[in-house]
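Results of the structural survey
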Amino acid sequence: MSQVWTTPHRATPVDAVVALPGSKSLTARALVLAALADGPSRLVRPLRARDTDLMAAALRALGVSVDEDGGDWVVTPGGLRGPAEVDAGLAGTVLRFLPPVAALADGPVRVDGDPRLRERPNAGLVAALRDLGVQVDDGGRGRAPFTVHGTGRVRGGAVTVDASESSQIVSGLLLAAARFDRGVDLALAGGVPSMPHVEMTVESLRERGVDVVRTEQGWRVAPGPVAARDEVLEPDLSNAAPFLAAALVTGGRVTVRDWPAETTQPGGRLDALLGAMGAHVERTGEGLRVTGSGTVRPLVADLGEVGELTPVLAALCALADGTSRLTGVGHLRGHETDRLQALDEVLTSVGARVEQLPDGLVVAPGPLRAARLGSYADHRMVHAAAVLGLAVDGVEVRDPGAVSKTLPDFVDRWNAMLATPAGALP
Ligand SMILES: O=C(O)C1=C[C@@H](OP(=O)(O)O)[C@@H](O)[C@H](O)C1
Ligand SMILES: C=C(OP(=O)(O)O)C(=O)O
C-alpha cells in the first residue's frame, strides 16, 4: 500500500450495504477464555487482524493450540508454560489480558511490543497481580516490557485495583480469575472507563459457565472450570462507525449487515449517537440502516463508556453545523496515541476550531480546507481522516497501514464503497 492515501471525496449521497468482520474485543475474549477452557472451542468468524493475530500468537507461545480451519479458529488448551516471549504489538487487549494468563503458566513470560506500547498505562494491572501473589518484574515502570514469573498457579483472592486508565485491567483479571485458587474478589479503587467492555467480559464469562457476580465495589469470580464452547463472533460495531458516518456526511444511506439485536459492544450505542447528530436510524431485515439528511448536527455527549467511538464522532463534529462538546474521555490520551492531541491536530488542519479539555474536546466548525494528515499509528485516526475526506476535497493520510490493527482492508473497503455511483434514494 502506498505511504500516502488520498481519501475519496464525495459530493453525492452514498448508498451502500456493508458487511464487516468479527469484533476485536469479542475475539480477544473468546481466544483467552477458549485457552483457559476445559476442552477445545471453535471460534466462527473471528476477527483476523494484527491485534487478534498477536493474541493467538501469544497463546500459542504459552502452549495453547490455535489452529486455522477455513475462516475459523479452533482453540485447544494446553498445559500453560514458559519461558515465552509475547509481542503485544500495540494491542491493549494483549497487554492487559495476557499477563493474568501468563501468571498461570509454569515459567517466565516476557511481554513487550511497539515503542508506543511501552508508554501505555499498566501499573494497575502489575500491582493487582502482585497483590494476588504473582511475581512481576517491571523495573518499577508499571509498563511494558515486563516479565510475569508464572509458577503454574495463582493464589487469587481479594484485590483492590486502580483501573482508572483502562477498563482492560479489570477485564484481564476477571477473564483468568476462575482459574485462580481462590478466584478473585475485585474492588475498584476509583472509576473505570468503558464499562460496556467490562459488561462484555462478564457476559463472555457467564456464557462459559463461570460464576461472576457484581458486588458493591466491583466483581467476584468464583474458582471453577471455564467451559469449552463454540461461538460465532458478532461483527465489529466500532469499525462500523466510519461507514455509518458516511451516510450522515453525504446525506446518503448505509446499512451494516448482521447488526446484533442486543450487544455489549460500545458500537451498539451508535444508533442513539448518530441519531442525536441528525441521522435517521432503523433496523431492517438486513442490519442497521443509517440515513443522513445532508446536515450533521453537533453532539454534546459524555463518551466515557464508548471512548473507542471518539475519533469518528469527533470527525463528524468538525462537519457539523454547530459547536460540539465531547467529554469523559481523558483516558484516550493513553490509547494508540494521545487521541485528544491527535484529533486536535487533525481537525485543526482541516479548518475546524478545537479546544482541548483535560477529558475531552470542544469542536466548532470552520472553513474547511485540504490537508495532509498523520495516522499516528492509530487505526481510528485513519477512519476519522476518511470521514473528513468525504466532505473536504484533498484530504491525504500518511501511513494508512495503521488500519491493520483491526481492519486490514479498510482502505480497499472504503474506496470500493465510494466508487459506487449515487443510488436513487427512495
Ligand atoms: O476490553 C476491550 O476490548 C477494550 C476496552 C476499551 O479499553 P479502555 O478501557 O482502555 O479504553 C477500548 O477502548 C478498547 O478498544 C477495547
Ligand atoms: C483503544 C483501542 O485499542 P486497544 O485494545 O489497543 O486499547 C481501540 O481499538 O480503539
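Keep in mind the model is a prediction, meaning the values are calculated, not measured.

**Here's the deal with the site of ligand 2**
Surveying the vicinity of ligand 2 reveals 14 residues, the closest of which are Lys-24, Gly-92, Arg-120, Arg-380 and Lys-405. One nitrogen or oxygen atom from the side chain of Glu-336 is found 2.9 Å from an oxygen atom belonging to ligand 2. Measuring from an oxygen atom of ligand 2, one finds a side-chain N or O atom of Lys-405 at 2.7 Å. Bound to the protein, ligand 2 loses 97% of the 300 Å² it would expose on its own. When each cavity is represented as a set of grid points, ligand 2 is found to reside in the largest cavity. Elements with a minimum of two residues in the shell around ligand 2: helix H3 (92-102) and helix H11 (379-391). Looking at the shell around ligand 2 residue by residue, the classes come out as two nonpolar, five polar and seven charged.

**Considering empty space enclosed by the protein**
On inspection of all chains with the given rule, the structure shows three cavities of 30 Å³ or more. Estimates place the volume of the largest cavity at around 240 Å³. Taken together, 23 residues make up the lining of the largest cavity; nearest its centre are Lys-24, Gln-168, His-197, Glu-308 and His-335. Within the residue set of the lining of the largest cavity, elements represented by two or more residues are helix H1 (24-35), H3 and H11. Among the elements that take part in the lining of the largest cavity, H3 stands out by supplying four residues, more than any other. Split by residue class, the lining of the largest cavity holds one nonpolar, 12 polar and 10 charged.

**Here's the deal with the sheet that holds strand E12 (residues 212-214)**
The sheet built from four strands is open, its strands ordered E10-E11-E13-E12 with mixed pairing. This sheet does not close on itself; its edge strands, each paired only once, are strand E10 (157-161) and E12. Neighbour-to-neighbour, the strand axes of the sheet open up by a mean angle of 15 degrees, direction not taken into account. Across the face of the sheet, helix H5 (residues 168-177) comes into contact with E10, strand E11 (184-188) and strand E13 (218-221) while running at roughly 170 degrees to E11.

**Comments concerning the environment of Val-74**
By secondary structure assignment, the location of Val-74 is in strand E5 (residues 72-76). When its relative accessible area of 18% is taken as the criterion, Val-74 is described as buried.

Conventions used here
- Residues numbered from 1 in each chain as written.
- Chains lettered and ligands numbered in written order.
- Predicted model: local features only at pLDDT ≥ 70, side-chain atom pairs only at ≥ 80, totals over all residues.
- Heavy atoms only, no water.
- Near = heavy atom within 4 Å.
- Polar contact = N/O pair within 3.5 Å; in protein donor to acceptor, adjacent residues only side chain to side chain.
- Areas by Shrake-Rupley, 256 points an atom, 1.4 Å probe, with all protein chains shown as cover.
- 1 Å grid on protein atoms, 1.4 Å probe; cavity = no way out; pocket = protein on both sides within 12 Å on 5 of 7 lines; lining within 4 Å.
- Sits in = over half its atoms within 2 Å of the grid points.
- Helix = DSSP H or I, 4+ residues; strand = E, 2+ residues; numbered from the N terminus.
- Nonpolar A, V, L, I, M, F, W, Y, C, P; charged D, E, K, R; others polar.
- Points joined across faces, edges and corners; volume = space filled by probe spheres on them.
- Pairing = 2+ DSSP bridges.
- Axes fitted to C-alpha atoms, helices over the stretch in contact; angles between N-to-C directions.
- Contact = heavy atoms within 4.5 Å.
- Buried < 20%, exposed > 50% of the residue type's maximum accessible area, 1.4 Å probe, protein only.

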